[in-house]
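# A look at the structure
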Amino acid sequence: MNEITIIAPDDWHLHFRDGDLLKETVPATARCFKRAIVMPNLVPPVINASMAEEYKQRILQVLPVNSSFEPLMTIYLTNQTTSQDIIQAKQSGVTAAKLYPAGATTNSDAAVSQLDALYPVFETMSEQEMPLLIHGEVTEQHIDIFDREKIFIDQKLSKIVENFPQLKIVFEHITTKEAADFVLQASDRVAATITPQHLMLNRNDLLVGGIRPHNFCLPVLKRNIHQEALRQAVIAGTNKFFLGTDSAPHEKHKKESSCGCAGCYSAWSAIELYAQVFEELNALDKLEAFASTNGPDFYQLPRNKSTITLIKQDWIIPSDIKLPNGEFIVPFFAGETVKWQLKNK
Ligand code: DOR
Ligand code: ZN
């Protein structure tokens, strides 16, 4: 197949950041995605309806002319979040709330330390039909980083799912076979996003032949059996898995550092890379469900009306991208060849 046309996709998990960086990140995503769930881990985090609305306006301001892209806003749960915060957020059009266990990743210091204390908030979210988006890793120092997702499932996630059977939960950027299996056996109110990097890479791509800081993200890449399980999950024909790039820019010098930041900036190539993975799996016919219908169906939003076309044509991802402030970002898969290209209308 040399060309594929699908319903326009959405990105159900990404990081736009703020300020001048929006001029880079928002057009990059809006070039092919119609909507995106915008993560709230700014400094300070987006913790309530008014902050989410202000952030949304800053995003809309940098949209290319004639773009119909719609940012779907989220709030960041903290130890101080109240049921009232959830009700107000819902009323003002916030789509979902994000749970970061404290210390789990970039800008998560303000996040939740005691999950049980948030149960009244989860109850309200369930009543309000506001999805709970979860970064699913425990953060205790003594727990091996490669085990943190599995232990989160066993110790935390299974309890939340059991206690709130009506609450919609998205297990974000899953990285393990255990996570894929957990989502598959759970009710239809539990789904998961999967990133391009976790489908394309495993921990060898992070560590063999030298440390590759641009492949470092959280949850960290796992061993190849997990990568394979995720690849099988997206083509299994279930509607529980959908596209979430976790595109997360960090300036080059902050990644190429003695203590490098976690995050892969994939917005410029994500849909093409997903297409490449689905083609490798001989399952291009499953791309549309993953990229364009499972997500809106889960969130009970309309599917997009327009389409995009991808053509089979090699191109090379640039080695870096210059930011408005003069700094550089190294995009995910920089310098590598991608086999699919978005056809501009
Ligand atoms: O690698 C990651 N980067 N994982 C996250 O969960 C957060 C993100 C970021 O904000 O940089
Ligand atoms: Zn993320």
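Predicted, not measured: the structure shown is a model, and the values here were computed from it. (Residues numbered from 1 in each chain as written. Chains lettered and ligands numbered in written order. Predicted model: local features only at pLDDT ≥ 70, side-chain atom pairs only at ≥ 80, totals over all residues. Heavy atoms only, no water.)

### What about the sheet that holds strand 13 (residues 337-342)?
- What the 3 strands build is an open sheet, ordered 1-10-13; its pairing is antiparallel. Only two strands of the sheet have a single neighbouring strand rather than two, namely strand 1 (3-7) and strand 13. Mean inter-strand twist for the sheet, computed between neighbouring axes without regard to direction, equals 35°.
- When strand 10 (residues 307-316) meets strand 13, the two strands line up antiparallel, connected through 5 bridges. Residue Ile 316 lies in a different strand from strand 13, and its bridge partner there is Thr 337.
- Against the sheet, helix 11 (residues 270-280) contacts strand 10 and strand 13, and its axis sits at roughly 110° relative to strand 13.
- Across the sheet, helix 12 (residues 287-299) lies against strand 1 and strand 10, angled at about 30° from strand 1, the strand it touches most. (Pairing = 2+ DSSP bridges. Helix = DSSP H or I, 4+ residues; strand = E, 2+ residues; numbered from the N terminus. Axes fitted to C-alpha atoms, helices over the stretch in contact; angles between N-to-C directions. Contact = heavy atoms within 4.5 Å.)

### Quick notes on unusual backbone geometry
- Residue Pro 44 is reached from Val 43 by a cis peptide bond, and omega for that bond is -5°.
- With omega at -10°, the peptide bond leading from Leu 218 into Pro 219 counts as cis.
- Residue placement: Pro 219 occurs in the loop between helix 8 (204-207) and helix 9 (224-234).
- Unlike most non-glycine residues, Asp 246 shows phi in positive territory, near 60°.
- By secondary structure assignment, the location of Asp 246 is in the loop between strand 9 (241-243) and helix 10 (252-255).
- Phi is positive for Gln 300, close to 55°, though the residue is something other than glycine.

### Notes on the packing of helix 3 (residues 83-91) against helix 4 (residues 119-128)
- The geometry of helix 3 relative to helix 4 is characterised by a closest axis approach of 8 Å and an angle of 25° between their N-to-C directions. Judged by the angle between their axes, helix 3 and helix 4 are roughly parallel. For helix 3 against helix 4, the interelement crossing comes out right-handed. Judged by residue contacts, Ser 83, Ile 86, Ile 87 and Lys 90 of helix 3 engage Pro 120, Val 121, Thr 124, Met 125 and Gln 128 from helix 4.
- Among the residues forming the contact of helix 3 with helix 4, the class breakdown is 5 nonpolar, 3 polar and 1 charged. (Parallel < 35°, antiparallel > 145°, perpendicular 65-115°, else oblique. Left-handed = near helix turned anticlockwise from the far one by under 90°. Nonpolar A, V, L, I, M, F, W, Y, C, P; charged D, E, K, R; others polar.)

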